[in-house]
Amino acid sequence: MNMNTHFFFALVLPDDIKAYLNAVTEQLKPDFPFKKWLHPADYHITMAFLGNAPDTLKEDALGRVGSELANEASFGLELGDIGGFGKSDSPRILWAGVKQQERLFAIQRKVYNSCIEAGFELDKKPFKPHITLARKFEGDNPFSLEGVRQMANVQEKHFEADQVALYQTHLGAYPSYEKIFTINLQK
């Protein structure tokens, strides 16, 4: 197994939301240089990062997540504002948020706990739902989140969250993430 291959469970975003966020990043790119802007196909909300996962554990986790989510209904989400992780003047990650939605947290807990039960050791940090847009700020001038927010002017876009998928990373590829198993929430 390739040690650089990682797996994670994530909420799948609809194509129109990915296209909208891509249009937002196109406006930002000239003024806010980041080392890597994600391909719009790679936008998602991570629910559990598994890392390098042996097949037996992965299959166990998939079975558990699948049965936990079998009767879960899809739910509405709304895009929130843009934020950053890391230093405020030079963030590691630029992300778009979603408005607080209890159902998202409930589904994430089910996915996370299913992976723990399958034997994965997961990050203990609290769940902060976000959609990574870019990594590693490289600008000469200090980064301004306020400047980004004004330029991005993210609209209150509503969308239906109706799929959770297991993704595999392909480092160096663009797009980098491949859906290898999708769980549909009830319509």
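Details of the structure are given in the entry above.
Residues numbered from 1 in each chain as written. Predicted model: local features only at pLDDT ≥ 70, side-chain atom pairs only at ≥ 80, totals over all residues. Heavy atoms only, no water.

(A) Geometry of the packing of aromatic side chains. Counted according to the given criterion, the structure contains 9 aromatic pairs. For the pair Phe-32 and Phe-143, a centre-to-centre distance of 5.9 Å together with 65° between the ring planes defines the contact as edge-to-face. Remark: Phe-143 occurs in the loop between strand S6 (130–137) and helix H4 (145–152) and Phe-32 occurs in the loop between helix H1 (15–28) and strand S2 (34–37); sequence separation between them is 111 residues. The buried category is assigned to Phe-32, whose relative accessible area is 10%. Seen in terms of ring centroids, Phe-137 and Phe-143 are 5.2 Å apart; in terms of plane orientation they differ by 70°. Their pairing is edge-to-face. Note on Phe-143: relative accessible area 7%, which makes it buried. Members of the aromatic cluster, connected to one another through ring pairs, are Phe-32, Phe-34, Trp-37, Phe-137 and Phe-143. Above the ring of Phe-7, the side-chain terminus of Lys-58 is found at 4.0 Å from the ring centroid. Of note, Lys-157 hangs over the ring of Tyr-20, and the distance from its end group to the ring centre comes to 4.8 Å. (Phe/Tyr/Trp six-rings, centres within 6.5 Å; stacked < 30°, edge-to-face > 60°. Helix = DSSP H or I, 4+ residues; strand = E, 2+ residues; numbered from the N terminus. Buried < 20%, exposed > 50% of the residue type's maximum accessible area, 1.4 Å probe, protein only. Lys NZ or Arg CZ within 6 Å of the ring centre and 35° of its normal.)

(B) Inspection of the sheet that holds strand S8 (residues 163–169) at higher detail. Spatial ordering of the open sheet is given by S3-S1-S8-S9, a layout of 4 strands whose pairing is antiparallel. Since the sheet does not close on itself, it has two edges, and those belong to strand S3 (44–51) and strand S9 (177–184), each with one partner. Across the sheet, the mean angle from the axis of one strand to that of its neighbour is 25°, orientation sign disregarded. As paired elements, strand S1 (residues 7–12) and S3 share 6 bridges and run antiparallel to each other. (Pairing = 2+ DSSP bridges. Axes fitted to C-alpha atoms, helices over the stretch in contact; angles between N-to-C directions.)

(C) Quick look at the sheet that holds strand S5 (residues 90–98). Taken in spatial order, the 5 strands line up as S2-S6-S5-S4-S7 in an open sheet, and their pairing is antiparallel. Of all the strands in the sheet, the pair left with one neighbour each is S2 and strand S7 (158–161). When strand polarity is set aside, the average angle formed by the axes of neighbouring strands in this sheet is 35°. Of the strand pairs in this sheet, S5 and S6 are connected by 5 bridges, and their pairing is antiparallel. Looking at the pairing, Trp-95 lines up with Thr-132 of S6. Lying on the sheet, H1 is in contact with S2, strand S4 (75–87), S5, S6 and S7; it crosses S4 at an angle near 30°. (Contact = heavy atoms within 4.5 Å.)

The values reported here are purely geometric and, on their own, carry no functional implication.
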